[in-house]
Structure formats: C-alpha cells, structure tokens
Number of protein chains: 2
Amino acid sequence: MKITIKKVDKTNFPSFIALVKELAKYEKLAPPDNAAVKRLKKDSISSRPKIESYLAYVNEKPIGYMILLMTYSSFLAKSTLYIEDIFILKEYRQKRIGQKMFDFIKKLAKQRKCGRIEWTVLKWNKPAIKFYNKNKAELMKEWLFYRLTI
Amino acid sequence: MKITIKKVDKTNFPSFIALVKELAKYEKLAPPDNAAVKRLKKDSISSRPKIESYLAYVNEKPIGYMILLMTYSSFLAKSTLYIEDIFILKEYRQKRIGQKMFDFIKKLAKQRKCGRIEWTVLKWNKPAIKFYNKNKAELMKEWLFYRLTI
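Trainee: I'd like to hear about the overall build of chain A, residue by residue, with values.
Mentor: Regarding its fold elements, chain A presents 4 helices and 7 strands. Along chain A, helices (α) and strands (β) appear in the sequence β-α-α-β-β-β-α-β-α-β-β when read from the amino end. For chain A, buried positions account for 31% of its 150 residues. Once local pairs closer than 6 in sequence are excluded, the contacts in chain A between residues at least 24 apart make up 59%.

What follows is the structure, given as structure tokens:
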C-alpha cells in the first residue's frame, strides 16, 4: 500500500471537494454549495491562499485530505499550526494512514518552528479522540471555545 | 472619557508589551521573556506580520490591547476572525471599553466578509464569559479543544 501526500492544485481539486463533502456528511453538517466551492478554490489554490490543502493517496487514489493554517500563541511568541480539517474515507481507516498524515503535520510544524499544533474535535467522534490521545495530545479542559456568527 | 484604538507600531510597542505582561499575570501564565518580546515585535510590526495588534487608549493612555488573526471555516468557505488576546487593565474595566473593542472586532469581521468570530476563554474568567454571553456569542459545547506541544 503506497501512501502519498500532495498539495491540492488545479488537477486534483475535484477530488478534494468530493472529500470535503464526505466529511460534511460524516459530521452531519451542510456540504459546501456551488458558491462555497468557488470560494474554496480561490482560497486554497490562488496566488494568495488563505488555507493549505493536501490530499492523501493510497496507490494513486485520493482517500483523505487536510486543511491547515497558521495561527499564533502570543505568550510563546511562536506560530501555531492549526488543523482545520483532517479526514479519511471510512473504508481506509484503521490502516495507519491517519498516523502518516498526523506525522506530516508534526514535521511541518517543526520545520516552521511552531510552538504548538492545535485543533478541535467533535465530542462524539470517539475514534478521532482515541487517536489524538494516543498521539499524546492534550485536551485543554480549562478553556471554553466561543463563536459569534456574523 | 475619550476611547481610541490604534494599530501597534514602533512608537507604542513598549506600551503593548507592558500590557501583554499584565495579561500573563492575570491569567497566571509566564510572561514573554526577552527573546519572545523580540519575536513579538517581528511578528506584529514587520512587513510580513503574523498577527494584527491594536492598543486601546483612554485619553491618550494605553489601557488595553487586542491580538487578532485570520483563520478559516472550510464548510462556510469563509475567513474567520480569531481573537488571540483581548485585555483591559483592571482599573479600566466596567466602563464599556471592552464593548468598544469588541464592536471594533465585529466591524473588522464584517468588512472582511468573515462568516464568524472565534476565540477561547479560561473557564474561571467569569466576567469575560458574562460579557461574551451578553454579546450573544455561542459556547461551542459539542467541540473539544486539543493541543500538541512541539
């Protein structure tokens, strides 16, 4: 089984969007509509991208994706690598592909001299939580996560 | 009482750092050391800043600060305005300065066509939580916040 990770570009953008829609289904959220797909294209593969998007392949078949971006810790005064999405198709889970993707993220964070990697996970997503705990990630129990919708 | 908000620049950078150290004290966290202050300067006021830093003044005296950055929602396919820090000196609280700062952030988010504003708050920080609830912010109860330290 050959696992590879490639940046999203014009050629593989349709595969990327198909996987974003699969994650929406898995998380029981509304998938991106046509206007959102257009914005995602601009925001991920234009000359001034807002996100970094990657596809994971098994033997040339795209079966997972990641959306990453850079945030910051003011107290460390260092960048943080933030995981917006990480997803693998159901039939390709439990094959250590997620570990390969997470190791890729850790390597990127080190190369960029980040102090931390951060992300959020849905409370009911037990397999993901088990995976993060196995990777020695820390649940930030003393913090509350807030949102204001514009 | 004249409240103004200005971007952090070379001139007011020392006032900014003094306030960052006050927040560290309030949150019972280690304040930035000399190397961290140097990085904060580069990351906030260089030609390629990683964060947007603002000072709040009362009658020309700097009494609060904000550190903001842009993140992203893949499902909305829109930018999110992320609040890394928002802080006001103790003796200037309860004077609606925080509301002015929060309104400034909301205006920025609208101008930039963001879908959301997001942030985290320490569980014991009851005055801040009360303020966010009053501002109709939503506690994202179904999400867990994770961190891996590099």
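Trainee: Describe the interface of chain B and chain A, and please don't skip the residues or the numbers.
Mentor: Interface size is commonly expressed as the accessible area that is lost once the parts come together. With 52 residues of chain B at the interface, the matching set in chain A holds 53 residues. Counted by class, the side of chain B that touches chain A contains 31 nonpolar, 7 polar and 14 charged residues. Where strand S7 (residues 143-149) of chain A lies against strand S6 (residues 138-139) of chain B, 2 bridges are found, and the strand directions are antiparallel. Pairing of A:Arg147 across the sheet is with B:Glu138, part of S6(B).

Trainee: Can you break down the environment of B:Ile129 residue by residue, with the values?
Mentor: Considering the arrangement of structural elements, one finds B:Ile129 in helix H4 (residues 126-134). C-beta crowding within 10 Å serves as the criterion here: with 17 such atoms nearby, B:Ile129 is assigned to the partly exposed category.

Trainee: So what's going on with the relation of the copies chain B and chain A? Which residues, and what values?
Mentor: Rotating chain B by 180° and translating it 0.0 Å along the rotation axis places it on chain A, where the RMSD comes to 0.0 Å. The transformation relating the two chain copies, once decomposed into turn and shift, fits a two-fold axis. In this assembly the copies share their binding face: 100% of the residues contributing to the interface of chain B also contribute to that of chain A.

Trainee: Which residues make up the nonpolar core, and what values do they have?
Mentor: Formed by 34 residues in total, the largest nonpolar core has its most connected members in B:Tyr65, B:Met66, B:Leu68, B:Ile83 and B:Ile105. With sequence-adjacent residues up to four places away left out, B:Tyr65 is seen in contact with B:Phe16, B:Leu19, B:Val20, B:Ser53, B:Tyr54, B:Leu55, B:Ala56, B:Asp85 and B:Phe87. With 33 residues, the next largest nonpolar core counts A:Trp119, A:Val121, B:Tyr72 and B:Tyr146 among its residues.

Trainee: Describe in detail the sheet that holds strand S5 (residues 116-122) of chain A, supporting the description with residues and values.
Mentor: Ordered by their spatial adjacency, 7 strands build an open sheet running S1(A)-S2(A)-S3(A)-S4(A)-S5(A)-S7(B)-S6(A), and the pairing between neighbours is mixed. In this open sheet, the two strands that pair with only one neighbour each are strand S1 (3-7) and strand S6 (138-139) of chain A. In the packing of helix H3 (residues 97-111) of chain A onto the sheet, contacts are made with S1, strand S2 (52-58), strand S3 (61-73), strand S4 (78-88) and S5 of chain A, and the angle to S4(A) comes to roughly 165°.

Trainee: An account of helix H1 (residues 13-26) of chain B is requested, with residue identities and associated values reported.
Mentor: Residues separated by three or four positions in an α-helix point in the same direction, a consequence of the helix having 3.6 residues per turn. All names here are of chain B. Taking 1.5 Å of rise per residue, the 14 residues of H1 would be expected to cover 20 Å, and the 20 Å separating its terminal C-alpha atoms lies within 8% of that figure. Here H1 has its buried residues at Phe16, Leu19, Val20 and Leu23. With its buried residues spanning 105° around the axis, H1 presents them on a single face. When the buried face of H1 is taken as reference, the exposed residues oriented beyond 90 degrees from it are Pro14, Ala18 and Lys25. Where H1 is buried, its residues meet strand S2 (52-58), strand S3 (61-73) and strand S4 (78-88). The positive-phi residue at the C-terminal boundary of H1 is Lys28, with phi of around 60°.

Trainee: Can you break down the sheet that holds S7(A) residue by residue, with the values?
Mentor: With respect to topology, 7 strands assemble into an open sheet ordered S1(B)-S2(B)-S3(B)-S4(B)-S5(B)-S7(A)-S6(B), the strand pairing being mixed. Every other strand in the sheet has two partners, leaving strand S1 (3-7) and S6 of chain B as the edge strands with one partner each. As paired strands, S3(B) and S4(B) are joined by 10 bridges and run antiparallel to one another. Residue B:Leu69 lies in a different strand from S4(B), and its bridge partner there is B:Tyr82.

Trainee: Any chance you could break down the environment of B:Glu142 for me, citing the residues and the numbers?
Mentor: Of note, B:Glu142 is situated in the loop between S6 and strand S7 (143-149). Once residues lying within four places of it in the same chain are set aside, the contact partners of B:Glu142 are A:Leu122 and A:Lys123.

Trainee: Tell me about unusual backbone geometry, and name the residues and values.
Mentor: At A:Lys113, a residue that is not glycine, the phi angle is positive and equals roughly 55°. Looking at the secondary structure, you find A:Lys113 in the loop between H3 and S5. A tally of 10 C-beta atoms within 10 Å means that A:Lys113 is categorised as exposed. In this structure, B:Glu60 is a non-glycine residue whose phi angle is positive, near 75°. Structurally, B:Glu60 is set in the loop between S2 and S3.

Trainee: Before we move on, could you go through helix H4 (residues 126-134) of chain A and cite the residues and values that matter?
Mentor: Burial analysis of H4(A) places just 0 of its 9 residues in the buried class, which makes it a mostly uncovered element. One or two steps after H4(A), the chain reaches A:Lys136, where phi turns positive at roughly 65°.

Procedures and definitions
- Residues numbered from 1 in each chain as written.
- Chains lettered and ligands numbered in written order.
- Predicted model: local features only at pLDDT ≥ 70, side-chain atom pairs only at ≥ 80, totals over all residues.
- Helix = DSSP H or I, 4+ residues; strand = E, 2+ residues; numbered from the N terminus.
- Buried ≥ 20, exposed ≤ 12 C-beta atoms within 10 Å, placed from the backbone.
- Contact = placed C-beta atoms within 7 Å.
- Nonpolar A, V, L, I, M, F, W, Y, C, P; charged D, E, K, R; others polar.
- Pairing = 2+ DSSP bridges.
- Least-squares fit on C-alpha atoms with pLDDT ≥ 70 in both.
- Core = buried A, V, L, I, M, F, W, Y, C linked by C-beta atoms within 7 Å.
- Axes fitted to C-alpha atoms, helices over the stretch in contact; angles between N-to-C directions.
- Expected span 1.5 Å × (residues − 1).
- Arc of directions from axis to C-beta.

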